[in-house]
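Letter by letter, the chains look like this.
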Amino acid sequence: QVQLVESGGGLVQAGGSLRLSCAASGRTFSTYGMAWFRRAPGKEREFVAVINMSGTGTYYYDSVRGRFTISRDNAKNTVYLQMSSLKPEDTAVYFCAAARGYSGMETRRYEYWGQGTQVTVSS
């Protein structure tokens, strides 16, 4: 079992930056692929970024590639999402998710989810 807690969200102007953190419980963090998803009000959840178990491989949704960076520190049981050059369309609740032995973008494969942290980007 894994419990995830996101933090770092807030209000930022367009062009600004935020760094989200996701703290995970347990001793087996390094066996889980970690991903970030986001959901705007009234819209479906969408994939943002993923990092594999060792932290050697990443993949991003096209609209955030080059602006966002996902990373993890297995010694701290933490995954991060560094967001730069933020745009109003990035406004959403951002969720951290974990999948045992999986690091793809299939939403249904992620069995553990955090409660989310709000990111609001003003124009």
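Residues numbered from 1 in each chain as written. Predicted model: local features only at pLDDT ≥ 70, side-chain atom pairs only at ≥ 80, totals over all residues. Heavy atoms only, no water.

Visitor: Would you mind going over the nonpolar core with me for this structure?
Guide: Where a protein is soluble and globular, its nonpolar side chains tend to be buried together. By size, the foremost hydrophobic cluster in this structure holds 29 residues, and its most contacted members are Met34, Trp36, Val79, Leu81, Met83 and Tyr94. Sequence-distant contacts of Tyr94, defined by excluding residues within four places in its chain, comprise Glu6, Leu20, Trp36, Phe37, Arg38, Val48, Phe68, Leu81, Met83, Gly116, Thr117 and Val119. Residues Ala35, Phe37, Ala99 and Tyr102 belong to the second largest nonpolar core, which totals 8 residues. (Core = buried A, V, L, I, M, F, W, Y, C linked by side-chain atoms within 4.5 Å. Buried < 20%, exposed > 50% of the residue type's maximum accessible area, 1.4 Å probe, protein only. Contact = heavy atoms within 4.5 Å.)

Visitor: Can you help me understand the pattern of salt bridges in this one?
Guide: Two side chains with opposite charge may pair up if their charged atoms get near one another. This model, assessed by the stated rule, comprises 4 salt bridges. Note that Arg38 is salt-bridged to Glu46, the shortest N-O span being 2.7 Å. By relative accessible area, Arg38 is classed as buried at 5%. Its relative accessible area of 30% is what places Glu46 among the partly exposed residues. Arg38 is paired through a salt bridge with Asp90; the nearest N and O atoms lie 3.0 Å apart. Of the two residues, Arg38 is situated in strand E4 (residues 32-39) and Asp90 in the loop between strand E8 (78-83) and strand E9 (92-100); the sequence distance between them amounts to 52 residues. Both residues of the pair, Arg38 and Asp90, belong to the buried class. Connected via shared salt-bridge partners are Arg38, Glu46, Arg67 and Asp90. (Salt bridge = Lys/Arg side-chain N within 4 Å of Asp/Glu carboxyl O. Helix = DSSP H or I, 4+ residues; strand = E, 2+ residues; numbered from the N terminus.)

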